[in-house]
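Inside the fold
Letter by letter, the chains look like this.
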Amino acid sequence: MVQPGGGMPDMQQLLQQAQKMQEQLVTAQQELADAEVTGTSGGGLVTATVSGGMELKALSIDPKIVDPDDAETLADLVVAAVRDATTNAQRLTEEKLGPLAGGFGGMPDLGGLGGGNLGLPGQ
């Protein structure tokens, strides 16, 4: 396939770009694995810590919120704190992997291959 400018795509350049993207992805995944984010509820009385891999790592409950006659409220606060921490971890993942999630969207035109147009009938 010939590019509009008349030249063939530089395969070496494409391979180098793909390798660079792979390295960036591995780095971002490691940063996420090492990251911990928190979420809170009840005005900070319950705090959950979640890893970048969405694993619950810690849960802190202020003793003044513990009421033996109202375990349901405490359970709701725990769920809310974990949900908040998980949402924060998802945001972190999007920030770290977002530019890489587009993947090959930023790569040069592959002579029609990059856009899904393979020159087949019906495309």
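Note that this is a predicted model, so its numbers are computed, not measured.

Along its length, the protein carries 2 helices and 3 strands. Counted from the first residue to the last, the protein has its helices and strands arranged as α-β-β-β-α. The buried share of the protein, reckoned over its 123 residues, is 22%. In the protein, once contacts between residues fewer than 6 apart in sequence are set aside, the share between residues at least 24 apart is 53%. Entry remark: accessible area of the protein is about 8,200 Å², with carbon and sulfur atoms responsible for 54%.

Turning our attention to the side chain of Ser51. Here Ser51 is to be found in strand β2 (residues 46-51). Ignoring sequence-local partners within four residues, the contact set of Ser51 consists of Ala35, Glu36, Lys57 and Ala89.

Strand order across the open sheet formed by 3 strands is β1-β2-β3, with antiparallel pairing between neighbours. One side of each edge strand has no neighbouring strand; the edge strands of this open sheet are β1 (36-41) and β3 (56-61). Averaged over neighbouring strand pairs, the angle between their axes works out to 15 degrees when direction is ignored. In this structure, β2 lies alongside β3, joined through 5 bridges in antiparallel fashion. When the sheet's bridge partners are listed, Val46 is paired in β3 with Ile61.

Within the largest apolar cluster, 12 residues are counted, these being Leu32, Ala35, Val37, Val46, Ala48, Val50, Leu74, Leu77, Ala81, Ala85, Ala89 and Leu92. Sorting elements by how many residues they give to this core places helix α2 (residues 71-101) first, with 6 residues. Filtering out sequence-adjacent residues up to four positions away, Leu74 remains in contact with Val46, Ile61, Ile65 and Val66.

With that out of the way, let us pick up a nonpolar patch on the surface. Taken together, the side chains of Leu59, Ile61 and Val66 define a hydrophobic patch exposed on the protein surface, amounting to about 220 Å² of accessible area. Within the element layout of this structure, Val66 appears in the loop between β3 and α2.

A word on the confidence of the model for the protein. Across the protein, the average pLDDT comes to 79, with 74% of residues at 70 or higher. Between residues 104-123, whose pLDDT stays under 50, and residues either more than four places distant or in other chains, the model counts 19 contacts.

Moving on, we come to the environment of Thr73. For Thr73, the location among the structural elements is in helix α2. Once the C-alpha coordinates of Thr73 and Gly42 are considered, the two residues, 31 residues apart in sequence, prove to be 9.8 Å apart.

Cut-offs used in this document
- Residues numbered from 1 in each chain as written.
- Predicted model: local features only at pLDDT ≥ 70, side-chain atom pairs only at ≥ 80, totals over all residues.
- Heavy atoms only, no water.
- Helix = DSSP H or I, 4+ residues; strand = E, 2+ residues; numbered from the N terminus.
- Buried < 20%, exposed > 50% of the residue type's maximum accessible area, 1.4 Å probe, protein only.
- Contact = heavy atoms within 4.5 Å.
- Areas by Shrake-Rupley, 256 points an atom, 1.4 Å probe, with all protein chains shown as cover.
- Pairing = 2+ DSSP bridges.
- Axes fitted to C-alpha atoms, helices over the stretch in contact; angles between N-to-C directions.
- Core = buried A, V, L, I, M, F, W, Y, C linked by side-chain atoms within 4.5 Å.
- Patch = residues over 30% accessible without salt bridge, like charges linked within 9 Å, V, L, I, M, F, W, Y side chains within 5 Å.
- Salt bridge = Lys/Arg side-chain N within 4 Å of Asp/Glu carboxyl O.
- pLDDT = per-residue confidence, 0-100.

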